[in-house]
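Each chain, letter by letter, is given below.
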Amino acid sequence: MKSVIINEKDNVGVSLEGSESIPAGHKFALKDIAAGEYIIKYGEIIGKATQNIKKGEWVHTHNVKSHLDEKNAAYQYEYKANTLSKTARTFRGYKRKNGKAGIRNEIYIIPTVGCVNNVCRRLEKAAQKYVSGSIDGIFALTHQFGCSQLGEDNVNIRKLLCGIAENPNASYVLFVGLGCENNGLNGIKEQLKDCDNIAYYNCQDVEDEHAYGLEILREFAGKAKELQREETDFSKLCVGLKCGGSDGYSGLTANPLVGRITDRVVACGGSAILTEVPEMFGAEQLLMNKCKNLEVFEKYKAMIENFKDYYTKNGFPVYENPSPGNKKGGITTLEEKSLGCVEKAGSTQITDVLSYGERVKEQGVSALNAPGNDLIAATALAASGCQIVLFTTGRGTPFSTFVPTMKIATNNRISAFKNNWIDFNAYDMDEEGLFGLLEKALNGEYKCKSEDIREIAFYKTGVTL
């Protein structure tokens with residue numbers, strides 16, 4: 001059986017091709033393991049044996065459980081991050097007046113409330129005749145919220161929509177309101193008062209909402225089609241890091257490979273954002289030790305503890321993870337999933353911790369407060385300023401958020417079986433190949449396979465009236 005041992009401390013190996021008794025991507029014992037003994041993978045504890053396990057036996061949910069508990073851990077700070085050698089690099093992007101740069105030249109139509117989704121979709125369809133020159137697309141980013149949400153939810157919806165509007169991939173943005181919703185245009189206008197590439201109107205305030213909006217889009221397209229790519233420093237780049245449908249290969253191939261790409265982007269002066277807070281549980285101390293100073297460590301610690309409190313206050317176990325698909329792919333416990341997940345952050349330091357809806361401020365790797373849900377997390381990454389999301393997957397998914405979402409397969413099977421979804425196969429750990437594809441995507445020479453799909457979703461936590 002072809003297999004791999006990740007760390008010399010491990011007492012389990014991973015089957016790469018599978019056998020009659022052990023599926024591909026799953027673990028097997030390297031020695032006899034007694035009931036109650038820790039299971040070690042990545043050189044870290046990933047669980048505890050619930051029964052005696054003989055050398056060579058399959059190690060999974062039938063004989064292993066999580067070793068984590070529901071209480072907040074006693075976190076400590078011990079700095080352990082690599083220093084990267086800096087290098088200059090550029091890409092060909094669309095420079096914006098505010099100093100940012102996009103990798104696409106697009107026009108967004110954003111509803112303030114789900115009540116006007118149909119208006120925005122009709123505008124998107126009718127405006128396709130204006131797509132010409134350098135315009136990459138005109139997209140309606142519809143959603144179901146914007147009214148009847150209270151408190152923090154109402155604030156977060158506005159923050160997210162404004163963050164979407166400020167993404168540098170958008171050359172122009174049209175906000176379409178109804179006129180009576182909680183998430184009204186006045187609050188959005190105030191937050192975006194320094195942006196001169198945005199137009200607004202309420203459907204209740206104009207006689208023909210379709211004709212009114214279409215004329216604005218025609219004028220936007222006339223300007224956008226003339227924009228051209230220019231040589232742009234990597235300091236203007238921010239990459240989102242996300243995984244979904246993880247399997248036993250995720251921590252071996254795609255996530256470590258993306259971690260190397262993260263290090264290269266940061267070394268070139270760029271930034272990256274890691275999110276999925278619940279999928280840091282069990283590996284959070286490793287990330288805390290990469291925080292650049294005690295202040296960032298305290299912010300990171302607070303983010304973790306607040307998210308755990310959110311679970312328990314709502315009556316759910318903190319460690320209600322991994323998913324059925326994760327388990328089928330070979331992931332047994334949350335700590336195993338998390339240890340693989342955080343590989344995407346690379347080896348460099350964490351320079352900042354962002355609240356949900358907050359824009360990236362620091363060069364380097366930032367941690368963002370958002371859940372693990374694929375579309376919610378990817379939307380949050382892009383709303384915080386990422387022009388592209390690197391999305392690793394062992395099971396595949398066709399979705400894309402409102403910025404290019406590059407699907408990176410963990411294994412050969414899913415890469416071949418879902419070639420229409422997958423942009424890159426990470427099984428052979430081809431760092432130059434993935435970095436080269438990223439650069440082509442940045443320069444507009446490659447369109448991600450899901451790029452014709454644009455979706456957004458919100459992290460809702462409170463009451464809806």
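Preceding this section is the structure that the text describes.
Only a predicted model underlies this, so the values are computations on that prediction, with no experimental measurement involved.

Calculation criteria
Residues numbered from 1 in each chain as written. Predicted model: local features only at pLDDT ≥ 70, side-chain atom pairs only at ≥ 80, totals over all residues. Heavy atoms only, no water. Pairing = 2+ DSSP bridges. Helix = DSSP H or I, 4+ residues; strand = E, 2+ residues; numbered from the N terminus. Disulfide = S-S within 2.5 Å. Axes fitted to C-alpha atoms, helices over the stretch in contact; angles between N-to-C directions. Contact = heavy atoms within 4.5 Å. Buried < 20%, exposed > 50% of the residue type's maximum accessible area, 1.4 Å probe, protein only. Phe/Tyr/Trp six-rings, centres within 6.5 Å; stacked < 30°, edge-to-face > 60°. Salt bridge = Lys/Arg side-chain N within 4 Å of Asp/Glu carboxyl O. Parallel < 35°, antiparallel > 145°, perpendicular 65-115°, else oblique. Left-handed = near helix turned anticlockwise from the far one by under 90°. Nonpolar A, V, L, I, M, F, W, Y, C, P; charged D, E, K, R; others polar. Expected span 1.5 Å × (residues − 1). Core = buried A, V, L, I, M, F, W, Y, C linked by side-chain atoms within 4.5 Å. Patch = residues over 30% accessible without salt bridge, like charges linked within 9 Å, V, L, I, M, F, W, Y side chains within 5 Å. Areas by Shrake-Rupley, 256 points an atom, 1.4 Å probe, with all protein chains shown as cover.

Asker: What exactly am I supposed to notice about the sheet that holds strand S14 (residues 230–233) here?
Answerer: In a beta sheet, neighbouring strands are held together by backbone hydrogen bonds and run either parallel or antiparallel to one another. Strands sit in the order S9-S8-S14 across an open sheet of three strands; the sheet is antiparallel. The strands lining the two open edges of the sheet, one partner per strand, are strand S9 (101–102) and S14. Strand direction decides the pairing type here: strand S8 (residues 90–95) and S14, joined by four bridges, are antiparallel. Bridge assignment links arginine 92 to a residue of S14, and that residue is glutamate 231.

Asker: Looking at this model, I keep getting lost on the state of the cysteines. Mind explaining?
Answerer: Each disulfide is one covalent bond, formed between the sulfur atoms of two cysteines. Summed over all chains, the structure comprises zero disulfides. The closest cysteine sulfur to the non-disulfide-bonded cysteine 238 is located on cysteine 386, 3.7 Å from its own sulfur. Looking at cysteine 341, it has no disulfide partner, and the nearest cysteine sulfur is the one in cysteine 243, 3.6 Å off.

Asker: Just to check I follow, could you spell out the sheet that holds strand S12 (residues 170–177) for this structure?
Answerer: Ordered in space as S11-S10-S12-S13, the four strands form an open sheet in which the pairing is parallel. Unpaired on one side and paired on the other, strand S11 (137–140) and strand S13 (198–202) mark the two borders of the sheet. Neighbouring strand axes in the sheet, compared pairwise and without regard to direction, differ in orientation by 15 degrees on average. Helix H4 (residues 209–224) rests against strand S10 (106–111), S12 and S13 of the sheet, and its axis sits at about 170 degrees to S12.

Asker: Hey, could you run me through the environment of alanine 29 in this one?
Answerer: Its location among the elements puts alanine 29 in strand S3 (residues 27–29). By relative accessible area, which is 2% here, alanine 29 ends up buried. Along the backbone, alanine 29 and tryptophan 58 are 29 residues apart, and their C-alpha atoms lie at a distance of 6.7 Å. Among residues more than four places away in sequence, those in contact with alanine 29 are Asn11, Val12, Ile53, Lys54, Lys55, Gly56, Glu57 and Val59.

Asker: Any chance you could explain the packing of aromatic side chains here in plain terms?
Answerer: Describing an aromatic ring pair means giving the distance of the ring centres and the angle of the ring planes. In the structure shown here, the tally under the stated rule is 17 aromatic pairs. Centre to centre, the rings of tyrosine 108 and phenylalanine 402 are 5.7 Å apart; their planes meet at 90 degrees, and the pair counts as edge-to-face. Placement of the pair is tyrosine 108 in strand S10 and phenylalanine 402 in the loop between strand S19 (388–393) and strand S20 (405–409), with a sequence separation of 294 residues. Comparing tyrosine 108 with phenylalanine 402 shows no difference in burial state: the two are buried.

Asker: Sorry, what's going on with the pattern of salt bridges here?
Answerer: Two side chains bearing opposite charge may form a pair once their charged atoms approach each other closely. In total, this model carries 26 salt bridges according to the counting rule given. The shortest N-O distance in the salt bridge between glutamate 276 and lysine 344 comes to 3.5 Å. Within this pair, whereas glutamate 276 is found in the loop between strand S16 (271–274) and helix H6 (284–288), its partner lysine 344 is found in the loop between helix H9 (334–341) and strand S17 (350–354), the two being separated by 68 residues in sequence. This pair shows no difference in class: glutamate 276 is buried, exactly as lysine 344 is.

Asker: Help me out: how do you make sense of the packing of helix H5 (residues 254–267) against helix H12 (residues 431–442) in this one?
Answerer: Between two packed helices, what matters for the description is the angle formed by their axes and the separation of those axes. Running from N to C, H5 and H12 point in directions that differ by 60 degrees, and their axes come no closer than 10 Å. With respect to H12, the element H5 is oriented oblique. Between H5 and H12 lies a crossing of right-handed hand. Along its contact with H5, which presents Leu257, Val258, Arg260, Ile261, Arg264 and Val265, the element H12 presents Glu431, Glu432, Leu434, Phe435 and Leu438. Looking at side-chain class alone, the contact of H5 with H12 contains seven nonpolar, no polar and four charged residues.

Asker: What am I meant to see in helix H2 (residues 151–165) here?
Answerer: Residues spaced three or four apart along an α-helix face the same direction, because each turn holds 3.6 residues. Its 15 residues place the ends of H2 22 Å apart at the C-alpha level, agreeing with the 21 Å of an ideal helix rising 1.5 Å per residue. Those residues of H2 lying buried are Asp153, Asn154, Asn156, Ile157, Leu160, Leu161, Cys162, Gly163, Ile164 and Ala165. Those residues of H2 that are buried lie in contact with S10, S12, helix H3 (185–191), S13 and helix H10 (374–383).

Asker: In this structure, what is going on with the packing of H2 against H10? I would like to understand it.
Answerer: At a minimum axis separation of 8 Å, H2 and H10 run at an interaxial angle of 60 degrees. On the basis of the axis angle, H2 is oblique to H10. For the pair formed by H2 and H10, the contact residues are Leu160, Gly163 and Ile164 on the first element and Thr379, Ala380 and Ala383 on the second. Here the contact of H2 with H10 is composed, by residue class, of four nonpolar, two polar and no charged.

Asker: Can you walk me through unusual backbone geometry in this structure?
Answerer: Trans is the prevailing form of peptide bonds, just as negative phi is the prevailing case for residues other than glycine. A positive phi angle, near 60 degrees, is found at tyrosine 42, a position not held by glycine. Within the secondary structure layout, tyrosine 42 lies in the loop between strand S4 (38–41) and strand S5 (44–49). The residue serine 148 is not glycine, and still its phi comes out positive at about 75 degrees. You can see serine 148 is positioned in the loop between S11 and H2. A residue is classified by how much of its surface remains accessible, and serine 148, at 23% relative accessible area, is partly exposed.

Asker: Can you walk me through the nonpolar core in this structure?
Answerer: Generally speaking, a soluble globular protein has its nonpolar side chains buried in company with each other. Within the largest apolar cluster, 108 residues are counted, with the highest numbers of intra-cluster contacts made by Phe175 and Tyr300. In this view, phenylalanine 175 contacts Ile110, Thr112, Leu161, Ala165, Leu185, Ile188, Leu192, Ile198, Ala199, Tyr200 and Tyr201; residues no more than four positions away in its chain are not counted. With 26 residues, the next largest nonpolar core counts Tyr130, Val176, Leu178 and Phe220 among its residues.

Asker: Which parts of the structure should I look at to understand the side chain of threonine 232?
Answerer: Within the secondary structure, threonine 232 is located in strand S14. The buried category is assigned to threonine 232, whose relative accessible area is 2%. Leaving out residues up to four positions away in the same chain, threonine 232 has contacts with Arg89, Thr90, Phe91, Gly93, Lys95 and Ala101.

Asker: What is the right way to read a nonpolar patch on the surface from this model?
Answerer: A contiguous nonpolar surface patch, about 310 Å² in accessible area, is contributed by Leu150, Val463 and Leu465. Mapped onto the secondary structure, leucine 150 falls in the loop between S11 and H2.

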